[in-house]
Amino acid sequence: MGITTKFKTVAGAAAAALGVFALASAAMAQGKAVPVSVSVDPAKTGPVINRDIYGQFAEHLGRGIYEGIWVGENSPIPNTKGYRNDVLEALRKIRVPVIRWPGGCFADEYNWRDGIGPRDKRPVRVNTHWGGVTENNEFGTHEFLDFTELVGAEAYVAGNMGSGSPREMAEWVEYMTSDSQSSLANERRANGREKPWKIKYFGIGNESWGCGGNMRPEYSADLHRRYQTFVKAPRENPVIKVATGANVDDYIFTKVLMERAAHTMDAISLHYYTFTHSWEEKGPATGFNKDGWVSTLKNALRMDELVTKHSAIMDQYDPEKRVGLFVDEWGTWFDQEPGSTPGFLYQQNTLRDAHVAALTLNIFHRHTDRVRMANIAQMINVLQAMILTDKEKMILTPTYHVFDMYVPFQGATPVAARVEAEPFTHGDTTLPRVDVSAARDTSGKLHIALVNLDPDKPARVTTEIAGVKPRAAKGRVLTADRIDAHNTFDKPNTIQPVAFSGRVEGGKLVFDLPAKAVAVVAVD
């Protein structure tokens, strides 16, 4: 089930608000728009798109937590109990379903006891993974879980299997979830929280193949089996246990964990970051050329191959598909911005990032049988962020706008869509010219996402919906005049969605889709 492309096509680029529409219209008037045919069959459906694939990741890294989320009650920045009001409002708007915390690599050295009790008495540690800066632990268990409640999101807590003990992990879960009169539950009450929290997801470790312990898969499987044994949430408040899984294409890691520990897990993780070229040559976040656009989108599309192959291995040991595949770290990773603090992983966010986000979400829509959660890295001020802040200032990124446009897909039922278009080639690279995802929301309304990867040419997308005579299709499009268009604190609205619609011709919907554009429409 999902999208197929009749021809292999290539890369994408940008289009900005009003000026680009004029350019696209002029190009189409001259017959330069590339014809694209899309067939949608609402009768062919897949499992519901789990809302949690729109999840976020907030690690103690750079300015992701401090300043990004937490400014403290005494900050001149408007806040609610220490949490930035502007950030809370923005996250609520995109209906963030779940947030993963406290890492990442930070989780592998984190002792939860450092982050409870009076803030002025909490120990100060060194964040050895991210910049070697001090961590005062002002933002701990209570602050995170209260934050998720303010946002309206589920909590995904990552436990320390790397340097912590099974007892430490077990006691943290009891502290958070127990409604008993145990010493740990009463300690939570003394620290200000009477009722237990609902912890929906708990990670048994993080990246055990790397910063979480440099383990062999066999050893990681054994430790998972051991540690998860002692994670005992109340029966009325159970947790979904997530095993730390593979990095990119380490299929052996997935095989060994599924073979030896599948019966002790509810989900297994997968991590994959998109670079322009490679880990050694990540490339700049802005100022890139067409080669950088094409190479990055090509690497983003590799997510489909990874999910497909890891899922096939999981099928061998779990044919009922009980165990979920959680892509709980994904997104672009470029060279950090010049002049920013080393190790803080601060990068700008452009129209190219928006395309990576849209393409990746579309891939997840095609794999709803296994992919039941995903967490983009990271929510604020780190890597492919939704939001960037500079003290009291805040801007929404192109990636944020994609997540906002894609809200109708949360909990929707994906339907089959097929794309036919002539190939587009840049150098020796071919990519889909237009990528499409379609789904019906809970009210039955059909939504279609269109992504034009071509940075130069608009597309005339003729869409036929089996068994449906459409009357109209309206929504929004995100595009710009440059492939590296981005918002700044001086110009926060350089790139943002604008109104977009299709027209009906011969019973089919026709969309004049600008070059380098992401559009989402609702069909009437």
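Every chain is numbered independently, its residues counted from 1 as its sequence is written. Per-residue local features of the predicted model are confined to residues with pLDDT of at least 70, and side-chain atom pairs are confined, for both listing and counting, to 80 or more; whole-chain, interface and lining totals are unaffected and use all residues. To obtain the side-chain values, all non-hydrogen atoms of the structure were used and water was disregarded.

### Examining the overall build of the chain
Cut-off, in case you're wondering: Runs of E in the DSSP output that reach at least two residues are strands. Runs of H or I that reach at least four are helices, and both are numbered from the N terminus. Only the C-alpha atoms count toward the radius of gyration. The rule for a globule is 2.2 Å times the residue count to the power 0.38. Remark: exposure states derive from per-residue accessible area (1.4 Å probe, protein chains only) relative to the maximum for the residue type, with buried under 20%, exposed over 50%, and partly exposed in between.
In terms of helices and strands, the chain carries ten helices and 26 strands. In summary, the chain has a C-alpha radius of gyration of 23 Å against a globular reference of 24 Å for 524 residues, a match within 12%. For the chain, the C-alpha atoms occupy an extent of roughly 75 × 55 × 45 Å along the three principal directions. Taken over 524 residues, the chain has a buried fraction of 61%.

### Brief notes about the environment of Ala243
Note the threshold: Contact definition: two residues touch when any of their heavy atoms are within 4.5 Å.
Residue position: Ala243 is located in strand S11 (residues 240–247). Under the relative-accessibility criterion, Ala243 is labelled buried at 1%. For the pair formed by Ala243 and Pro284, sequence separation is 41 residues and the distance between their alpha carbons is 33 Å. Ignoring anything within four residues of it in the chain, the contact list for Ala243 reads His224, Leu257, Met265, Ala267, Ile268 and Ser269.

### Structural notes on helix H8 (residues 290–317)
As a reminder, the rule being used: An expected span of 1.5 Å times one less than the residue number is assigned to each helix. Polar contact is defined as a pair of N or O atoms within 3.5 Å, subject to the rule that within protein one atom must be able to donate a hydrogen and the other to accept it, and that residues adjacent in sequence are counted only when both atoms are side-chain atoms.
If you check H8, its first and last C-alpha atoms are 43 Å apart, about what 28 residues at 1.5 Å a residue would give, namely 40 Å. The N-cap residue of H8 is Asn289: its side-chain oxygen and the backbone nitrogen of Asp291 are 3.0 Å apart.

### Description of the state of the cysteines
So the rule is basically this: Throughout, disulfides are identified as pairs of cysteine sulfur atoms within 2.5 Å of each other.
One pass over the full model with this rule turns up one disulfide. With its sulfur 2.1 Å from that of its partner, Cys105 forms a disulfide with Cys211. Note on the Cys105 and Cys211 pair: the S-S dihedral is about -90°, so by sign convention the disulfide is left-handed. Placement of the pair is Cys105 in the loop between strand S6 (98–101) and strand S7 (125–126) and Cys211 in the loop between strand S10 (201–204) and helix H6 (217–229), with a sequence separation of 106 residues. Owing to a relative accessible area of 10%, Cys105 belongs among the buried residues under this scheme. By relative accessible area, which is 27% here, Cys211 ends up partly exposed.

### Some thoughts on the sheet that holds strand S3 (residues 55–57)
Short version of the rule: Following DSSP output, two strands are said to pair if at least two bridges run between them. Each axis is a line fitted through C-alpha atoms, taken for helices only over the stretch in contact, and angles between the N-to-C directions span 0 to 180 degrees.
With respect to topology, eight strands assemble into a closed barrel ordered S3-S6-S9-S10-S11-S12-S13-S14, the strand pairing being parallel. For this sheet the average axis-to-axis angle between neighbouring strands, irrespective of direction, equals 30°. The sheet contact formed by strand S9 (residues 154–158) and S10 spans three bridges and is parallel. Bridged to Tyr156 within S10 is Tyr201. Seen against the sheet, helix H4 (residues 166–177) touches S6, S9 and S10 and runs at an angle of roughly 170° to S10. The strands touched by H8 are S11, strand S12 (267–274), strand S13 (324–332) and strand S14 (371–377); relative to S12, the strand with the most contacts, the crossing angle is about 160°.

### Considerations on the packing of aromatic side chains
The criterion, for reference: Classification of ring pairs uses Phe, Tyr and Trp, with its six-membered ring standing for Trp, and accepts pairs whose centres are within 6.5 Å; under 30 degrees between planes counts as stacked, over 60 as edge-to-face, and the remaining range as tilted. Throughout this description, the term charge over a ring refers to an Arg CZ or Lys NZ atom that lies within 6 Å of the ring centre and within 35 degrees of the ring normal.
According to the stated counting rule, one finds 21 aromatic pairs in the structure shown. Pairwise contacts between aromatic rings join Trp70, Tyr83, Trp101, Phe106, Tyr110, Trp112, Phe139, Phe144, Phe147, Trp172, Tyr175 and Phe202 into one cluster. Positioned above the aromatic ring of Phe57 is the side chain of Arg100, whose terminal nitrogen or guanidinium carbon lies 4.7 Å from the ring centre. Positioned above the aromatic ring of Trp279, the side-chain terminus of Lys282 is 3.7 Å from the ring centre.

### Let's talk about the nonpolar core
Note the cut-off: The term nonpolar core refers to a set of buried residues drawn from Ala, Val, Leu, Ile, Met, Phe, Trp, Tyr and Cys, joined through side-chain atoms within 4.5 Å.
Grouped together as the largest cluster of nonpolar side chains are 106 residues, with contacts concentrated most on Phe147, Phe202, Trp330 and Tyr406. Grouped together as the second largest cluster of nonpolar side chains are 27 residues, Val36, Val40, Val461 and Ile465 included.

### Topic: the pairing of strand S16 (residues 393–396)
As judged from the four bridges shared by strand S15 (residues 387–390) and S16, these two strands associate in the antiparallel manner. Within S16, the residue paired with Leu388 across the bridge is Ile395. Between S15 and the antiparallel strand that follows it, S16, lie two residues; Lys391 among them carries a positive phi value of about 55°.

### A few points about unusual backbone geometry
The bulk of non-glycine residues show a negative phi, and the bulk of peptide bonds are trans. Of note, the bond from Gly103 into Gly104 is cis; its omega dihedral lies within 30 degrees of zero at 15°. Geometrically, the link from Ala377 to Gln378 is a cis peptide bond, its omega value of -10° lying close to zero. Assignment of secondary structure puts Gln378 in the loop between S14 and S15. Despite not being glycine, Glu67 shows a phi value in the positive range, around 90°. With respect to the element layout, Glu67 can be found in the loop between S3 and strand S4 (79–80).

### Details of helix H10 (residues 398–405)
Of all the eight residues making up H10, eight are buried; the element is thus mostly covered by neighbouring parts of the structure. The complete set of buried residues in H10 reads Pro398, Thr399, Tyr400, His401, Val402, Phe403, Asp404 and Met405.

### With respect to the packing of H6 against helix H7 (residues 251–261)
How we decide: In a left-handed crossing the near helix is turned counterclockwise from the far helix by less than a right angle, and in a right-handed crossing that turn is clockwise. Ten residues, namely Ala, Val, Leu, Ile, Met, Phe, Trp, Tyr, Cys and Pro, are considered nonpolar, four, namely Asp, Glu, Lys and Arg, are considered charged, and the remaining ones, Gly among them, are considered polar.
Relative to each other, H6 and H7 sit at 40°, their axes nearing to 9 Å. Taken as a pair, H6 and H7 cross one another with a handedness that is right-handed. Between H6, through Pro217, Glu218, Ser220, Ala221, His224 and Arg225, and H7, the contact on the second element is made entirely by Phe253, Val256, Leu257, Arg260 and Ala261. Within the contact of H6 with H7, the residues separate by chemical class into six nonpolar, two polar and three charged.

### Notes on the environment of Ile240
Following the sequence through the fold, Ile240 ends up in strand S11. Sequence separation between Ile240 and Arg100 is 140 residues, and the spatial gap between their C-alpha atoms is 13 Å. Setting aside anything within four residues of it in sequence, one finds Ile240 in contact with Lys200, Tyr201, Phe202 and Asp266.

### A few points about the side chain of Thr264
Residue placement: Thr264 occurs in the loop between H7 and S12. With near-sequence residues (within four places) excluded, Thr264 lies in contact with His224, Arg225, Gln228 and Lys241.

### Re the pattern of salt bridges
Test applied: Each salt bridge in this description consists of a side-chain nitrogen of Lys or Arg and a carboxyl oxygen of Asp or Glu lying within 4 Å of one another.
Applying the stated rule across the entire model yields 40 salt bridges. Taking the shortest distance from any N to any O, the salt bridge between Glu67 and Arg63 comes out at 2.8 Å. For Asp524, the salt bridge identified is with Lys445, shortest N-O distance 2.6 Å. A residue pair is termed long-range when its members are at least 10 positions apart, and Asp524 in the segment after strand S26 (517–523) and Lys445 in the loop between strand S20 (434–440) and strand S21 (446–452) qualify at 79 residues. The class for Lys445 is partly exposed, based on a relative accessible area of 30%. Put simply, Asp315, Asp318, Lys321, Asp369 and Arg370 are held in one network by salt bridges that share partners.

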